[in-house]
Amino acid sequence: MNYDEDCIFCKIGRKEIASAKVYEDSEVLAFLDVNPVTKGHTLVITKEHFSNFNEVPKNLINKVFQVAQTVSQAAIMELHATGVNILTNVNPSAGQSVMHFHVHVIPRYDNTDGFKLDFTPKAIGTRDMTNIATMIKKGL
Ligand code: 5GP
Ligand code: ZN
């Protein structure tokens, strides 16, 4: 099992650092983010160290997202969230600061809850859509 002795989430996975645990099994742990962006902001991690989403075996990705879905449902049922953002950052250019794979489950309440994802269209436009799709398909 991959383990990085300098990794804070490996330490949380092994209980060497405390966390507010939400869910645990032999492979997956969910715990509250220490700097929540909304009430109930939860991180779902593999106990094994993988640096990001792209590095995780698909069977484990399935398990992590099953847990993320359950946490998301609980946020709506028990915290009375009205929505949830599920996201994972890959590499620092995308905002990843802890280089151990994790999924953010971010309960949403209303447009003043302090969290914002900006999906307004940018100047990049829709040119070259066919070429871009072809390039991505080549890598699948
Ligand atoms: P990233 O920016 O890598 O997608 O998200 C990392 C998240 O981990 C941040 O939201 C940050 O608040 C959280 N975090 C960093 N260190 C700790 C810690 O020691 N404990 C907990 N519970 N969360 C942490
Ligand atoms: Zn780690």
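What counts, and where the lines are drawn
Residues numbered from 1 in each chain as written. Chains lettered and ligands numbered in written order. Predicted model: local features only at pLDDT ≥ 70, side-chain atom pairs only at ≥ 80, totals over all residues. Heavy atoms only, no water. Donors = N, O, S within 2.8 Å, 3.2 Å for Na, K, Ca; no water. Tetrahedral: all angles 85-135°; square planar, octahedral: opposite > 155°, others 65-115°. Helix = DSSP H or I, 4+ residues; strand = E, 2+ residues; numbered from the N terminus. Buried < 20%, exposed > 50% of the residue type's maximum accessible area, 1.4 Å probe, protein only. Core = buried A, V, L, I, M, F, W, Y, C linked by side-chain atoms within 4.5 Å. Near = heavy atom within 4 Å. Polar contact = N/O pair within 3.5 Å; in protein donor to acceptor, adjacent residues only side chain to side chain. Areas by Shrake-Rupley, 256 points an atom, 1.4 Å probe, with all protein chains shown as cover. Nonpolar A, V, L, I, M, F, W, Y, C, P; charged D, E, K, R; others polar. Pairing = 2+ DSSP bridges. Axes fitted to C-alpha atoms, helices over the stretch in contact; angles between N-to-C directions. Phe/Tyr/Trp six-rings, centres within 6.5 Å; stacked < 30°, edge-to-face > 60°. Lys NZ or Arg CZ within 6 Å of the ring centre and 35° of its normal.

(A) Layout of the coordination of the zinc ion (ligand 2). The coordination sphere of the zinc ion (ligand 2) contains the protein donors Cys7 (SG), Cys10 (SG), His49 (ND1) and His100 (ND1), at a distance range of 2.0 to 2.3 Å. Each of the 4 donor atoms bound to the zinc ion (ligand 2) contributes to angles spanning 103 to 116 degrees, and the resulting shape is tetrahedral. The sequence pattern describing where the donors of the zinc ion (ligand 2) fall on their chain is C-x2-C-x38-H-x50-H. Remark: His100 occurs in the loop between strand E4 (83-87) and strand E5 (102-108) and Cys10 occurs in helix H1 (residues 8-13); sequence separation between them is 90 residues. Residue classification places His100 among the buried residues on the basis of a relative accessible area of 0%.

(B) Geometry of the nonpolar core. By size, the foremost hydrophobic cluster in this structure holds 14 residues, and its most contacted members are Val44, Val56, Val64, Val67, Phe101 and Val103. When residues of this core are traced back to their parent elements, those giving at least two are strand E2 (28-32), helix H2 (58-78) and E5. The element best represented in this core is H2, accounting for 6 residues. Among the nonpolar cores identified, the runner-up in size contains 8 residues, and Cys10, Leu29, Phe31 and Ile45 belong to it.

(C) Region of the structure containing the site of ligand 1. In the vicinity of ligand 1, 16 residues are found, and the nearest of them are Asp33, Asn89, Ser97, His102 and His104. Measuring from a nitrogen atom of ligand 1, one finds a backbone N or O atom of Val34 at 3.3 Å. Between ligand 1 and His102 there is a distance of 2.9 Å, counted from an oxygen atom to a side-chain nitrogen or oxygen. For ligand 1, whose accessible area on its own is 530 Å², the fraction buried by protein is 82%. For the shell around ligand 1, the elements supplying multiple residues, two or more each, are H1, E2 and E5. Per-element accounting of the shell around ligand 1 gives the leading share, 3 residues, to H1. By residue class, the composition of the shell around ligand 1 is 8 nonpolar, 7 polar and 1 charged.

(D) View of the sheet that holds E2. Strand order in the open sheet formed by 5 strands is E1-E2-E3-E5-E4, and the pairing between neighbours is antiparallel. In this open sheet, the two strands that pair with only one neighbour each are strand E1 (21-24) and E4. When the angles between neighbouring strand axes are averaged without regard to direction, this sheet yields 15 degrees. Summarising the sheet, E2 and strand E3 (residues 42-46) pair through 5 bridges and their orientation is antiparallel. Residue pairing in the sheet places Ala30 in a bridge with Val44 of E3.

(E) The arrangement of the packing of aromatic side chains in detail. Per the counting criterion, the structure on display carries 3 aromatic pairs. Aromatic pair Phe53 and Phe65: ring centres 6.4 Å apart, planes at 80 degrees, arrangement edge-to-face. Linking Phe53 in the loop between E3 and H2 with Phe65 in helix H2, this pair joins segments that are 12 residues apart in sequence. Take Phe65: its relative accessible area is 31%, and that puts it in the partly exposed class. Here Phe53 and Phe101 contribute two aromatic rings whose centre-to-centre distance is 6.2 Å and whose plane-to-plane angle is 45 degrees, an arrangement assigned as tilted. Placement of the pair is Phe53 in the loop between E3 and H2 and Phe101 in the loop between E4 and E5, with a sequence separation of 48 residues. For Phe53, a relative accessible area of 32% gives the class partly exposed. By relative accessible area, Phe101 is classed as buried at 0%. In textbook terms, an aromatic cluster arises when at least three aromatic residues are bridged by ring pairs, as seen for Phe53, Phe65 and Phe101. Looking at Arg14, its charged tip hangs above the ring of Tyr3, at a distance of 3.5 Å from the centre.

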